[in-house]
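Coordinate inspection notes
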Amino acid sequence: MRKMLAAVSRVLSGVAQKPASRVLVASRSFANDATFEIKKCDLHRLEEGPPVTTVLTREDGLRYYRMMQTVRRMELKADQLYKQKIIRGFCHLCDGQEACCVGLEAGINPTDHLITAYRAHGFTFTRGLSVREILAELTGRRGGCAKGKGGSMHMYAKNFYGGNGIVGAQGQIFEAYNMAALWKLPCIFICENNRYGMGTSVERAAASTDYYKRGDFIPGLRVDGMDILCVREATRFAAAYCRSGKGPILMELQTYRYHGHSMSDPGVSYRTREEIQEVRSKSDPIMLLKDRMVNSNLASVEELKEIDVEVRKEIEDAAQFATADPEPPLEELGHHIYSSDPPFEVRGANQWIKFKSIS
Amino acid sequence: MAVAAAIACRLLRLRAAGAGGHWRRLRGAGLPRGFLQPASAGEDAAQWRRVAHFTFQPDPEPLEYGQTQKMNLFQAVTSALDNSLAKDPTAVIFGEDVAFGGVFRCTVGLRDKYGKDRVFNTPLCEQGIVGFGIGIAVTGATAIAEIQFADYIFPAFDQIVNEAAKYRYRSGDLFNCGSLTIRAPWGCVGHGAVYHSQSPEAFFAHCPGIKVVVPRSPFQAKGLLLSCIEDKNPCIFFEPKILYRAAVEQVPVEPYNIPLSQAEVIQEGSDVTLVAWGTQVHVIREVASMAQEKLGVSCEVIDLRTIIPWDVDTVCKSAGLETENLKMLTLSSWERQSVIKTGRLLVSHEAPLTGGFASEISSTVQEECFLNLEAPISRVCGYDTPFPHVFEPFYIPDKWKCYDALRKMINY
């Protein structure tokens, strides 16, 4: 296995390496951890914010890299499958925003509860579902996490409440802020600010684009959402704040999405390709982490490339499964509408069609 | 023009005469008698005071559930909530003003008994109330939300229809908010006007995934509410507000359940089937006795009870179903003996005619029992207008309108 990987990595990296040097790489010593400086967060109604330096261990670094790379490749694969019409319907991709989902997960416990809107694939993965289940749900097969009935926007897992097709929630969020602050609920409200609401830039949609201040009486912080370490530290800070019983807190993650709002949106009619290219070359989250790790001797370029290869393979397998898995049977159409015992009949498109509803 | 000027002058005088919002009668002012007078002024008060359009008919005292107590509708609701909170440690009640007892006294005493963690007020946000309720229900606790008037349920419509109703379905049964129950006062009350009289059951009937229930009496209310709370689907429980005090009955003190999605045949008959729910059941009961007395027509009276999923079988069997088809349906034992085939159906509700729930019943019954119908199905409902204030007695489908429709059906 290692030899095969080595061979593949050699081909991919185009570097001629003798087997002997391969052994060298394996025994090369890396640093155990490194300290990094991270950007200071803007604060609203807070005296102090998250720390400006953080320690990243090699193990964590590799794990984050793998997760971010998995999310990235998974989204790109979803893009490919959508263009092949194997995925239909709606598909909102989050490539570019990997640091948000992986960084968030790094800052909370698996027993904490998470709920999000429709750009949910990354969170579904970080919350514990496998790529297979996610891709199969996107293609609408029975191997999917919601048995193929939910699709892109309705993926659920333990302590992960979706995946929701939320629109028009501007009023609702203020009601939620009010209740959370009134009853001091331990809730972190997170805004992944990717600068555009569908096709409208934030400057044209919001009277105040300082979203971290919009909680008004709720304290907030603005975080660089392209730097995973920044996100992690901010999340740890926010989680500690909530757990201490002080009530809710708001976190604005400044991030960017490379794709359009959804697959039906080319993503270039309201922004320039240059802008996308600039973000990709200067602030890509995976690239940032990789540079940091390599420069502080936490990992080698080859090692990270190996991870790339493994991830690619995993995604390929998952896509294969997602394409080949059978669709849920038609009988499932009527299931789980109600919790019902005994099962009852659901009327169909005309009076002579009936489905059985089981739950 | 001159007339308009004259009236304007009189109005000015009237305003001068009756400052402070208390209109005074103008004798000989030439205005139509009774114009611009408060409803309770003077010896004409009897003429003006609105008589309720129905007479509440209590059911006989139920003997199978143990000791009973005289309760009106809001006390029956309090009793049901009391039983729920006692039985289920995760049950919580919340809504606007529920802490002091509620604007209709449905939650009196519960906060003192169970604590402020279990009976608490929410801010003024129906959408937030239902959204919050859905969240609690998803975590597994029993959430009993109160919307102060059914007319105010519309900000929460999105949460109910798009979130609550679809939670189980869209997550493939992984999550659900089945332990959510929403209670709201419902229906006309004599003086409610546009925003305190609505019957929005038809809006929710169009949404698979939730259950909508309307009781007709205190005994029914307690049993149905307890069933809704225990039901594993999100339920909306509409309480006819005009019955809160007007309906008094013997109601068991202990908890008991009345099954959902089962209509009740209150009175058997052979000529016409009358279907209604909530307050209107008492109206059609009176219509049934009028029909018996004046026309010699025997009416079958059905209280639908659950709006969705509704009991198609009972209504169809009553309105007319060929005997052979009965084998396909499950029959309760006493219904099996009395296969009633009236062939005529009248459905009545306060909500506006167009798109009201009577249209669904009518459509389904004609699909299932077309050849057995002797006359077109009659719907006696409110007009297609917003619920009026002054015109309420004209608006509601009272017993005379129902009687008239029944007569036309008989003579068809």
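Residues numbered from 1 in each chain as written. Chains lettered and ligands numbered in written order. Predicted model: local features only at pLDDT ≥ 70, side-chain atom pairs only at ≥ 80, totals over all residues. Heavy atoms only, no water.

1. Looking at the overall build of chain B
Heads up, the rule is: Only DSSP runs of H or I reaching four residues or more are called helices, and only runs of E reaching two or more are called strands; each is numbered from the N terminus. Remark: exposure states derive from per-residue accessible area (1.4 Å probe, protein chains only) relative to the maximum for the residue type, with buried under 20%, exposed over 50%, and partly exposed in between. Method for areas: the Shrake-Rupley scheme with a 1.4 Å probe, in which residue coverage is limited to the protein chains shown.
The number of helices and strands found in chain B is 16 helices and 14 strands. Split into buried and exposed, the 412 residues of chain B put 57% on the buried side. For chain B, the exposed surface amounts to about 17,900 Å²; the carbon and sulfur share of it is 56%.

2. Looking at the overall build of chain A
Where we set the bar: Only C-alpha atoms enter the radius of gyration; for comparison, a globular chain is expected to reach 2.2 Å times N to the power 0.38, where N is the number of residues. In what follows, a contact means two residues having at least one pair of non-hydrogen atoms within 4.5 Å.
Along chain A, the regular secondary structure elements total 12 helices and 10 strands. The C-alpha atoms of chain A give a radius of gyration of 22 Å, which matches the 21 Å a tight globule of 359 residues would have. The C-alpha extent of chain A, read off along each of the three principal axes, is 75 × 55 × 40 Å. In chain A, which comprises 359 residues, the proportion classed as buried is 51%. Of the contacts formed within chain A by residues at least 6 apart in sequence, a portion of 68% connects residues at least 24 apart. Accessible area of chain A: about 17,500 Å², with a carbon and sulfur share of 54%.

3. Comments concerning the pairing of strand E13 (residues 345-352) of chain B
Residue and element names in this part refer to chain B. Defined as follows: By the convention used here, strands pair only if DSSP detects at least 2 bridges between them.
Where burial is concerned, most of E13 is hidden: seven out of the eight residues are buried. As defined by bridge partners, strand E10 (residues 272-276) adjoins E13 across three bridges and the pair is classed as parallel. Within E13, the residue paired with Thr273 across the bridge is Leu345. Pairing of E13 with strand E14 (residues 378-382) involves five bridges; the strand directions are parallel. Note that in E14 the partner of Leu346 across the bridge is Ser378.

4. A closer look at the nonpolar core
The cut-off we apply is this: For this analysis, a nonpolar core means a set of buried residues of the types Ala, Val, Leu, Ile, Met, Phe, Trp, Tyr and Cys, connected via side-chain atoms within 4.5 Å.
In this structure, A:Leu135, A:Leu221 and A:Val223 are the most contacted members of the largest nonpolar core, which totals 67 residues. In contact with A:Val223, other than residues within four places in its own chain, are A:Cys41, A:Cys230, A:Val231, A:Ala234, A:Met251, A:Glu252, A:Leu253 and A:Gln254. Membership of the second largest hydrophobic core comes to 65 residues, among which are B:Ile182, B:Trp310, B:Cys369 and B:Leu373.

5. Considering the packing of aromatic side chains
The condition that has to hold: Two rings from Phe, Tyr or Trp (for Trp, the six-membered ring) form a pair when their centres sit within 6.5 Å of each other. Planes less than 30 degrees apart are called stacked, planes more than 60 degrees apart edge-to-face, and all others tilted. Remark: a charge is flagged as sitting over a ring if the NZ atom of Lys or the CZ atom of Arg is within 6 Å of the ring centre and within 35 degrees of the ring normal.
Summed over the entire model, instances satisfying the criterion amount to 28 aromatic pairs over all chains. On the numbers, 5.6 Å between centres and 85° between planes, the contact of A:Phe174 with A:Tyr177 is edge-to-face. With A:Phe174 and A:Tyr177 both in helix H7 (residues 170-182) and three residues apart, the pair spans about one turn of that helix. Counting every residue linked through ring pairs, the aromatic cluster contains B:Phe154, B:Phe157, B:Phe203, B:Phe204 and B:Phe238. In this arrangement the basic side chain of A:Arg132 is found over the ring face of A:Phe321, its NZ or CZ atom lying 3.9 Å from the centre. Above the face of the A:Tyr258 ring, A:Arg280 is positioned so that its terminal group lies 4.1 Å from the ring centre.

6. As for the pairing of strand E7 (residues 220-224) of chain A
All names here are of chain A. Where burial is concerned, most of E7 is hidden: five out of the five residues are buried. Residue alternation in E7 divides its side chains into two sets, Gly220, Arg222 and Asp224 and Leu221 and Val223, and both sets are buried. The pairing of E7 with strand E8 (residues 249-254) spans five bridges and is parallel. Each residue of the ladder has a partner; that of Asp224, found in E8, is Gln254.

7. Description of helix H9 (residues 228-243) of chain A
Residue and element names in this part refer to chain A. Stated formally: By this rule the span expected of a helix is its residue count minus one, scaled by 1.5 Å. Residues adjacent in sequence count toward polar contacts only when both atoms are side-chain atoms; beyond that, a polar contact is any pair of N or O atoms within 3.5 Å, and within protein one must be able to donate a hydrogen and the other to accept it.
The terminal C-alpha atoms of H9, which comprises 16 residues, lie 22 Å apart, in line with the 22 Å expected from a rise of 1.5 Å per residue. The element H9 is largely enclosed, with a buried count of 13 among its 16 residues. Capping the start of H9, Asp227 holds a side-chain oxygen 3.1 Å from the backbone nitrogen of Leu229, two or three residues further along. Gly245 sits one or two residues past H9 and shows a positive phi near 90°.

8. Details of the side chain of B:Gln159
Mapped onto the elements of the fold, B:Gln159 is located in helix H6 (residues 157-164). In contact with B:Gln159, not counting residues within four places along its chain, are A:Gln172, B:Gln127, B:Val130, B:Gly131, B:Ile134 and B:Ala164.

9. Let's talk about the packing of helix H3 (residues 58-83) of chain A against helix H4 (residues 98-107) of chain A
All names here are of chain A. Note the following rule: Note on definitions: angles span 0 to 180 degrees between N-to-C directions of axes, and those axes are lines fitted to C-alpha atoms, for helices only across the stretch in contact. By the definition adopted for this analysis, an angle is roughly parallel if under 35 degrees, roughly antiparallel if over 145, roughly perpendicular if from 65 to 115, and oblique otherwise. Crossing handedness is read from the near helix: turned anticlockwise from the far helix by less than a right angle, it gives a left-handed crossing, and turned clockwise, a right-handed one.
Packing of H3 against H4 brings their axes to within 9 Å, and their N-to-C directions diverge by 140°. Relative to H4, H3 is oriented oblique. Crossing handedness for the pair H3 and H4: right-handed. On the side of H3, the interface is formed by Tyr64, Met67, Met68, Val71 and Arg72, while H4 contributes Glu98, Ala99, Cys101, Val102 and Ala106.

10. Examining the UniProt feature "domain: Transketolase-like pyrimidine-binding" (unreviewed entry) in chain B
For clarity, the threshold we go by: UniProt positions are given in the numbering used here, feature names are shortened, and annotations may be inferred rather than shown by experiment.
When the UniProt feature table is mapped to this numbering, "domain: Transketolase-like pyrimidine-binding" (unreviewed entry) covers residues 71-246 of chain B. Secondary structure across residues 71-246 of chain B divides into 39% helix and 16% strand, with the first and last C-alpha atoms of the span separated by 10 Å.

11. Remarks on unusual backbone geometry
Residue B:Pro309 is bonded to the preceding B:Ile308 through a cis peptide linkage, with omega at -10°. Along the chain, B:Pro309 turns up in the loop between strand E12 (306-308) and helix H12 (312-319). Of note, the phi angle at A:Met198 is positive, near 55°, even though the residue is not glycine. Tracing the sequence through the fold places A:Met198 in the loop between strand E5 (196-197) and strand E6 (200-201).

12. Brief notes about the UniProt feature "domain: Dehydrogenase E1 component" (unreviewed entry) in chain A
According to UniProt, the feature "domain: Dehydrogenase E1 component" (unreviewed entry) maps to residues 169-330 of chain A in the numbering used here. A helix fraction of 49% and a strand fraction of 13% characterise residues 169-330 of chain A, whose end C-alpha atoms lie 33 Å from each other.

13. Comments concerning a nonpolar patch on the surface
To keep it simple, the criterion reads: Two joining distances apply to patches: 9 Å for like charges and 5 Å for nonpolar side chains (Val, Leu, Ile, Met, Phe, Trp, Tyr), and every residue must have over 30% relative accessible area and no salt bridge. We count a salt bridge whenever a side-chain nitrogen from Lys or Arg sits within 4 Å of a carboxyl oxygen from Asp or Glu.
Taken together, B:Val390, B:Phe391 and B:Phe394 make up a surface patch of nonpolar side chains, about 360 Å² in accessible area. Examined against the element boundaries, B:Val390 turns out to sit in the loop between E14 and helix H15 (392-395).

14. Brief notes about the interface of chain B and chain A
How we decide: Buried area: the accessible surface (1.4 Å probe) lost by two parts on joining, summed over both. Each residue gets one label: Ala, Val, Leu, Ile, Met, Phe, Trp, Tyr, Cys and Pro are nonpolar, Asp, Glu, Lys and Arg are charged, and the others, such as Gly, are polar.
In this assembly, 37 residues from chain B lie in contact with 28 residues from chain A. Taking both partners together, chain B and chain A bury about 2,600 Å²; carbon and sulfur atoms supply 57% of that area. By the criterion of area lost to chain A, the three top residues of chain B are B:Tyr169, B:Arg170 and B:Phe175, representing 24% of everything that side buries. Applying the counting criterion to the chain B and chain A interface returns zero salt bridges. Run the count over chain B and chain A and you get 12 residue pairs in polar contact (both at pLDDT 80 or more). Secondary structure elements with two or more residues in the side of chain B that touches chain A: strand E3 (119-121), helix H5 (126-139), H6, helix H7 (167-170) and helix H14 (357-369) of chain B. Of the residues forming the side of chain B that touches chain A, the biggest block, five residues, is contributed by H5(B). Here the side of chain B that touches chain A is built from residues that sort into 17 nonpolar, 10 polar and 10 charged.

15. Some thoughts on H12(B)
All names here are of chain B. The element H12 is largely enclosed, with a buried count of six among its eight residues. Turning to H12, its buried residues number three or more, namely Thr314, Val315, Cys316, Lys317, Ser318 and Ala319. At the exit of H12 stands Gly320, carrying a positive phi of roughly 145°.

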